[in-house]
Amino acid sequence: FSIVGTIGAGLPVYLESWPEPDYSGKYTLFPNAENQFEFIVSKKGTQYQIKAEKAHTKLEIERGTIFLKFAFKSDSANWYNLIGKRSEDQSWMGSGLTPSGESVLWSAIRISDIDKPNDKKPAQKDSLPILVYPFNAYGRAELPTPKEYLIKNITVWTSTDEGVLENTDVLLKNGKISKIGKALSSNSAEVIDGTGKFLTAGIIDEHSHIALRRGVNEGGANISAEVRMVDALNPDDINIYRHISGGITTVQQLHGSANPIGGQSSIIKLKWGQDPENMIFKNADPFIKFALGENVKQSNWGSGRFPQSRPGVEQSFEYWFTRALEYEKNKEGRVDLRLETLLEILRGKRFITCHSYVQSEINMLMKVADKFGFKVNTFTHILEGYKVADKMKEHGSAASTFADWWAYKMEVSEAIPYNASILHKIGIITAINSDDAEMGRRLNHEAAKLIKYGGLSEQDAWKTVTINPAKMLHIDKYVGSIEVGKDADVVIWNANPLSVYASVDYTFIDGALYFERKAHNSMMQEMAKNRARIIEKMAMDKSERKIDPVKKKEHMNHCEDFGGHEYE
């Protein structure tokens, strides 16, 4: 079948028929906690047949929906009626009714392909898994290394004044973008056919809290400038892999927003499997997190710590910068890491990203900065930025905001989805950020919203997640656009990157292939087999010491989070 839809200004989009997956294979069905049995699904023509030793079974599959009925042979009068879908790892899951009419959740794990005649292999004993990097889901036996790749006949979104280059070749060599042009050749490069695909610079998230271990806030005092996010870098966070699968290659890991002057940020490349030292963005300027608003004055929680009001927030800045200047005059050989960090700001050696919402506070901090002779590099969130855009431009600040978040707390009640477009049109460097591990892996969709809210062109919208955040992080001479000599942090998409139908086929970082769609699909199949093997061994274990597994809920950090949890 085909689908006709509309996007943006109402232009029609036509999709080809969705390819029907092959459901054939061996499965283990788990209709409830007590019972399970194996069944085999085979295909003849367009119809599927199902066989099971322990149960009578009936199967129909229609447009991706699975209708499965069965009754145990020991109780053949009582039938289960199940309905479900096939997941990416080829397992089936859904809900249904028991013979007594009770609701039930069920799953069927795909174990293997159907054995061919004379192709059965002797059972192998379980062995220890091979060492993978990271030692986690989606780990690999070998770390990616930079290679020479020649990407042919692809549409290039440069994120520069060059705009879009059609039917173009791009050569990646020695970790850099080596050549861009027509009819390029190389005897030593691996060739990737880019026909019908799109190549962009890797997405950059200016405001992220992924890959941080044991909390993002040190809120016991109104200043924590000596705290460093790099000391909490967690290279095994699964969100790194999820991000590179969404085309993100660089993030700024920010301290939270519990205090007016927070901790030092870290800028990392998402090199999945590497040690923390190899993830840190080399030669990047140092940044620090400041904050304004409800979180800072503890509107939603209370510890009795100063400040408790907006005037108190302003005086916190005044107090600490005054102390830093006094310290500079009277050091006498002593070192105060907190005040040394503030002196870096005053001397233009460290740069501020400030959590902000309300126009009065944005204006206040710019005046404090003017008084002490420094600049607020970036206002992040800044959902009332449209009210003070002229003052921000005069001050020289950039804006890193959300596409269409509003009304989730009192200080965003006057936010509008046109904020980013207005800031951009005033001439302010504007980026779209996530502040959220889930949204961070689909920033391409967030950028697309600026076409709807404000009428930005595709290329200007795309710049808000590539070259613009690179500029505000002072790393634009290395990343953020497709230019000869820049780091080979590039992404290949199977469709227009701003489309909800687009997915990433390849993600390169420094010329090394860190994500490949085909390899990902193979890993999903392998994990499904291992999951089935483990579940089977657990089901067969009759030991009295058996402990039921407990699923841990993953915790995703945000600005306001406290505590040392990674999981709940």
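For the structure itself, consult the block above.
Residues numbered from 1 in each chain as written. Predicted model: local features only at pLDDT ≥ 70, side-chain atom pairs only at ≥ 80, totals over all residues. Heavy atoms only, no water.

## Overview of the nonpolar core
Item 1. Grouped together as the largest cluster of nonpolar side chains are 40 residues, with contacts concentrated most on Tyr 241, Ile 244, Leu 270, Trp 272 and Trp 493.
Item 2. Every element with two or more residues in this core is listed here: helix H1 (238–244), strand S17 (248–253), helix H9 (443–452), helix H10 (458–463), strand S25 (490–493), strand S26 (504–509), strand S27 (512–516) and helix H12 (517–540).
Item 3. Core analysis: the next-biggest nonpolar cluster, separate from the first, contains 38 residues, Ala 369, Phe 374, Val 388 and Ala 389 among them. (Core = buried A, V, L, I, M, F, W, Y, C linked by side-chain atoms within 4.5 Å. Buried < 20%, exposed > 50% of the residue type's maximum accessible area, 1.4 Å probe, protein only. Helix = DSSP H or I, 4+ residues; strand = E, 2+ residues; numbered from the N terminus.)

## Remarks on the sheet that holds strand S19 (residues 266–269)
Item 1. Taken together, three strands build an open sheet; the order of strands is S16-S17-S19 and the sheet is mixed. The sheet terminates laterally at strand S16 (203–208) and S19, the two strands that pair on one side only. Here the strands of the sheet are splayed against their neighbours by 20 degrees on average, with no regard to which way each runs.
Item 2. Bridge count between S16 and S17: four bridges; the pairing is parallel. Across the sheet, the residue bridging to Ile 204 is Thr 250, located in S17. (Pairing = 2+ DSSP bridges. Axes fitted to C-alpha atoms, helices over the stretch in contact; angles between N-to-C directions.)

## Focus on a nonpolar patch on the surface
Item 1. Residues Leu 131, Tyr 133, Phe 135 and Leu 143 make up a contiguous nonpolar surface patch of about 390 Å² in total accessible area.
Item 2. As for its placement among the helices and strands, Phe 135 is situated in the loop between strand S10 (103–112) and strand S11 (149–157).
Item 3. On the accessibility criterion, Phe 135 (60% relative accessible area) is exposed. (Patch = residues over 30% accessible without salt bridge, like charges linked within 9 Å, V, L, I, M, F, W, Y side chains within 5 Å. Areas by Shrake-Rupley, 256 points an atom, 1.4 Å probe, with all protein chains shown as cover. Salt bridge = Lys/Arg side-chain N within 4 Å of Asp/Glu carboxyl O.)

## Some details on the pattern of salt bridges
Item 1. For the coordinates displayed, the defined rule picks out 24 salt bridges.
Item 2. Close ionic contact of Lys 387 with Glu 384 constitutes a salt bridge, the shortest N to O distance being 3.2 Å.
Item 3. Accessibility expressed as a relative area gives 27% for Lys 387, which makes it partly exposed.
Item 4. Assessed through its relative accessible area of 7%, Glu 384 is described here as buried.

## Describing the pairing of strand S8 (residues 80–86)
Item 1. Bridge count between strand S7 (residues 65–72) and S8: six bridges; the pairing is antiparallel. What sits directly across from Thr 65, in S8, is Lys 85.
Item 2. Judged from the six bridges that link them, S8 and strand S9 (residues 92–97) form a sheet pairing that is antiparallel. Each residue of the ladder has a partner; that of Lys 85, found in S9, is Met 93.

## Describing the packing of aromatic side chains
Item 1. Counting across every chain of the model gives 30 aromatic pairs.
Item 2. Between Phe 37 and Phe 72, the aromatic rings sit 5.7 Å apart at their centres with planes inclined by 80 degrees, giving edge-to-face as the arrangement. Note that Phe 37 is positioned in strand S4 (residues 37–44) and Phe 72 in strand S7, a separation of 35 residues in sequence. Taken individually, Phe 37 and Phe 72 each receive the classification buried, so the pair is uniform in this respect.
Item 3. When the centroid spacing of 5.7 Å and the interplanar angle of 45 degrees are considered together, the rings of Phe 287 and Phe 351 count as tilted. Placement of Phe 287 in strand S20 (residues 287–291) and of Phe 351 in strand S21 (residues 351–356) is noted, with a sequence separation of 64 residues between them. (Phe/Tyr/Trp six-rings, centres within 6.5 Å; stacked < 30°, edge-to-face > 60°.)

## Details of the pairing of S21
Item 1. For S21, the buried fraction is high: six of the six residues fall into the buried class.
Item 2. Of the two faces of S21, the one carrying Phe 351, Thr 353 and His 355 and the one carrying Ile 352, Cys 354 and Ser 356 are both buried.
Item 3. Bridge analysis of S20 against S21 gives five bridges, and the strand direction is parallel. Within the sheet, the bridge partner assigned to Phe 287 lies in S21 and is Phe 351.

## Section: the sheet that holds S10
Item 1. If you walk across this open sheet you meet the eight strands as S5-S4-S3-S10-S9-S8-S7-S6, and the pairing is antiparallel. Edge positions in the open sheet fall to strand S5 (47–51) and strand S6 (55–62), since each of these has one partner strand only. Between one strand axis and the next, the sheet turns by 30 degrees as a mean value, whatever way the strands run.
Item 2. Bridge count between S6 and S7: eight bridges; the pairing is antiparallel. Bridged to Thr 57 within S7 is Phe 70.
Item 3. Across the sheet, H12 touches strand S3 (25–30), S4 and S10, and the angle it forms with S10 is around 115 degrees. (Contact = heavy atoms within 4.5 Å.)

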